[in-house]
Amino acid sequence: MVSAGDEVAACWRDDPQQAVAVVRELTVGGELAVDEVLDAAVDAMVVCGLLALAKARTAATVDPSTAAEQWLTAVPYFALAVALASADLE
């Protein structure tokens, strides 16, 4: 399940239509549901965003300017998580 979410999230960044095709391919057998795959993709992006924020927190003790730059690196992960969470493929 995790690898399916990672695959969809990575694909969604470059080509959302291709990501939809990947979701459909992953769910065609009935072992996985569309919502499960999208939820796994959202989870993957949230974790990446949180890891970026943790890295920024560490940098904040050294240099606030570097920390601010690193905080901004979390934004695309959370934006993608929102896009995936709001996707309606059915």
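If you're wondering where the values come from, they're calculated on a predicted model, not measured in any experiment.

Caption draft 1: View of the overall build of the chain. Counting its regular elements, the chain contains 4 helices and 0 strands. Reading the chain from its N terminus to its C terminus gives the helix and strand order α-α-α-α. Taken over the C-alpha atoms alone, the chain extends approximately 50 × 20 × 15 Å along its principal axes. The buried share of the chain, taken over its 90 residues, is 34%. Put simply, of all contacts in the chain between residues at least 6 apart along the chain, 60% involve residues at least 24 apart. Of the roughly 5600 Å² of accessible surface on the chain, a fraction of 58% belongs to carbon and sulfur atoms.

Caption draft 2: Expanded view of the side chain of T27. Relative to the elements of secondary structure, T27 occurs in helix 2 (residues 16-27). Residue T27 is classed as buried on the basis of its relative accessible area, which comes to 15%. Reaching out from T27, the side chain makes a polar contact with the backbone oxygen of V23 at a distance of 2.9 Å. When sequence neighbours within four positions are dropped, the list of residues in contact with T27 reads L32, A33, V34 and V37.

Caption draft 3: Representation of the nonpolar core. V8, W12, V23, L38, M45, L84 and L89 are the most contacted members of the largest nonpolar core, which totals 20 residues. For this core, the element with the highest residue contribution is helix 3 (residues 34-60), accounting for 7 residues. Those residues in contact with L38, other than ones at most four positions away along the chain, are V8, V23, L84, A87 and L89.

Caption draft 4: Representation of helix 4 (residues 64-86) in the model. If you check helix 4, its first and last C-alpha atoms are 33 Å apart, about what 23 residues at 1.5 Å a residue would give, namely 33 Å. Looking only at helix 4, the buried set comprises A67, Q70, A74, L80, A81 and L84.

Caption draft 5: Focus on a negative patch on the surface. Where like charges cluster on the molecular surface, the negative patch consists of D35, E36, D39, D43, D88 and E90. Following the sequence through the fold, E90 ends up in the segment after helix 4. You can call E90 exposed: its relative accessible area is 71%.

Caption draft 6: Seen up close, the environment of A40. Mapping A40 onto the fold places it in helix 3. According to the relative accessible area criterion, A40 is buried, its value standing at 11%. It is 4.4 Å that separates the C-alpha atoms of A40 and G5, two residues lying 35 residues apart in sequence.

Caption draft 7: Structural context of a nonpolar patch on the surface. Taken together, the side chains of L50, L53 and W71 make up a nonpolar region of the molecular surface, amounting to roughly 270 Å² of accessible area. Look at L50 and you get partly exposed, because its relative accessible area is 47%.

How each quantity is defined
Residues numbered from 1 in each chain as written. Predicted model: local features only at pLDDT ≥ 70, side-chain atom pairs only at ≥ 80, totals over all residues. Heavy atoms only, no water. Helix = DSSP H or I, 4+ residues; strand = E, 2+ residues; numbered from the N terminus. Buried < 20%, exposed > 50% of the residue type's maximum accessible area, 1.4 Å probe, protein only. Contact = heavy atoms within 4.5 Å. Areas by Shrake-Rupley, 256 points an atom, 1.4 Å probe, with all protein chains shown as cover. Polar contact = N/O pair within 3.5 Å; in protein donor to acceptor, adjacent residues only side chain to side chain. Core = buried A, V, L, I, M, F, W, Y, C linked by side-chain atoms within 4.5 Å. Expected span 1.5 Å × (residues − 1). Patch = residues over 30% accessible without salt bridge, like charges linked within 9 Å, V, L, I, M, F, W, Y side chains within 5 Å. Salt bridge = Lys/Arg side-chain N within 4 Å of Asp/Glu carboxyl O. Lys, Arg positive; Asp, Glu negative; His and termini not counted. Charge placed at Lys NZ, Arg CZ, Asp CG, Glu CD.

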